[in-house]
Amino acid sequence: MKSKIIISVGILICVAALARIALPTALHKAGLHPDYSGPRYEIAAGKKALIIGSNHATLNAPGKTDGDATGVAISEISHPYYSFLEAGMQVDVASINGGNIPVDPMSLKFFIISEHDERYLEDPTLQAKMQNSLAVGNLDMRQYDVVFIAGGWGAAYDLGYSPELASKISEAYYAEHQPVIAGVCHGVLGLINAKDRDGHLLIAGRRMTGVTDKQIKELGVAITPLHPETELKKAGAKFESETAFRDFFATHVVVDDEKRFVTGQNQNSGLEAAHKVLMLLAQK
């Protein structure tokens, strides 16, 4: 009897170990964090990028303060950060209020984490930048060649409500050297209130993407106050997306016709979006 129990426990341990190995591979093949196989670009020396994240750390219903821990989906910072760094750029990290950018713990689970995320976990420099992020309102956007806004559920609570961020996006758009402005997932909410010099919404009429309403419904996280597809359409953007059996596994990246904005659909789109940004810089 004792030997049978030992054998059964051994079998269960083996099955669990195989599942732990197989699950990340299966999800990757299904579409999670796709590899980037496109061209690489050489960027002129002295270029600077700014990555902006959310300060919000709780997945709470409107009017509530309690809920599960959330924040930025770490790949939406790690993918652009290391892409820009490897291209020779200086990369700063900012948030609405400055200080800590919380990381959604779900995005660090073994079956979701990417190679770039694992690099973040071993990188005290990026960790320090996220724990002591710059406040958006204190920045001169004319210093940057790229402004890239990361998403995650936390972004639904502060990016689209910040007049400082909206003003800074407009400042970046009208900078003489024409920085590239980008956002992925819920990060595109940081674009919805930026205005042009005539007071019109800056993204009206532009081709863009972001998290779909379908993905939000499928994941059951509709309690967040702003949804990217809905809000982009309200702002007059021409919304595009791809779909899958679950949109969590879809991906899509859009470069607007003016070649000033790059947007990525969701957590799978950050790597390609970063390289599309580098493409636009290389073409200047």
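About the criteria used
- Residues numbered from 1 in each chain as written.
- Predicted model: local features only at pLDDT ≥ 70, side-chain atom pairs only at ≥ 80, totals over all residues.
- Heavy atoms only, no water.
- Phe/Tyr/Trp six-rings, centres within 6.5 Å; stacked < 30°, edge-to-face > 60°.
- Buried < 20%, exposed > 50% of the residue type's maximum accessible area, 1.4 Å probe, protein only.
- Lys NZ or Arg CZ within 6 Å of the ring centre and 35° of its normal.
- Helix = DSSP H or I, 4+ residues; strand = E, 2+ residues; numbered from the N terminus.
- Contact = heavy atoms within 4.5 Å.
- Salt bridge = Lys/Arg side-chain N within 4 Å of Asp/Glu carboxyl O.
- 1 Å grid on protein atoms, 1.4 Å probe; cavity = no way out; pocket = protein on both sides within 12 Å on 5 of 7 lines; lining within 4 Å.
- Points joined across faces, edges and corners; volume = space filled by probe spheres on them.
- Nonpolar A, V, L, I, M, F, W, Y, C, P; charged D, E, K, R; others polar.
- Polar contact = N/O pair within 3.5 Å; in protein donor to acceptor, adjacent residues only side chain to side chain.

Draft legend 1. Region of the structure containing the packing of aromatic side chains. Scanning the model with the defined rule gives 7 aromatic pairs in all. Taking the centre distance of 5.3 Å and the plane angle of 15° together, the rings of Phe245 and Phe249 count as stacked. For Phe249, a relative accessible area of 15% corresponds to the buried category. Ring geometry for Phe248 and Phe249: centres 5.3 Å apart, planes at 90°, overall edge-to-face. Each member of the pair, Phe248 as well as Phe249, is classed as buried. Between Lys48 and the ring centre of Tyr144, over which it is positioned, the NZ or CZ distance is 5.0 Å.

Draft legend 2. Representation of the side chain of Arg206 in the model. As for its placement among the helices and strands, Arg206 is situated in the loop between strand 7 (180-184) and strand 8 (207-208). Beyond its immediate stretch of four places on either side in the chain, Arg206 contacts Tyr173, Gly236, Ala237, Lys238, Asp256, Glu258 and Phe261.

Draft legend 3. Summary view of the pattern of salt bridges. Applying the stated criterion to the full structure yields 13 salt bridges. Taking the shortest distance from any N to any O, the salt bridge between Glu86 and Arg119 comes out at 2.6 Å. Within this pair, whereas Glu86 is found in helix 2 (residues 75-86), its partner Arg119 is found in helix 3 (residues 115-121), the two being separated by 33 residues in sequence. Look at Glu86 and you get exposed, because its relative accessible area is 54%. The salt bridge partner of Glu258 is Arg206, with a shortest N-O separation of 2.7 Å. Here the residue Glu258 occupies a position in the loop between strand 10 (253-255) and strand 11 (261-264), and Arg206 occupies one in the loop between strand 7 and strand 8, the gap between them amounting to 52 residues.

Draft legend 4. Representation of empty space enclosed by the protein. In total, this model carries 1 cavity of 30 Å³ or more according to the counting rule given. Forming the walls of the largest cavity are Leu159, Gly160, Ser162, Leu165, Ala166, Leu189, Gly190, Ile192 and Asn193. Along the lines of polarity and charge, the residues of the lining of the largest cavity split into 5 nonpolar, 4 polar and no charged.

Draft legend 5. Representation of the side chain of Ser95. Along the chain, Ser95 falls in strand 4 (residues 90-95). The class for Ser95 is buried, based on a relative accessible area of 0%. Here Ser133 takes part through its side chain, which lies 2.7 Å from a polar atom of the side chain of Ser95.

Geometric descriptors of this kind do not, in isolation, establish any biological role.
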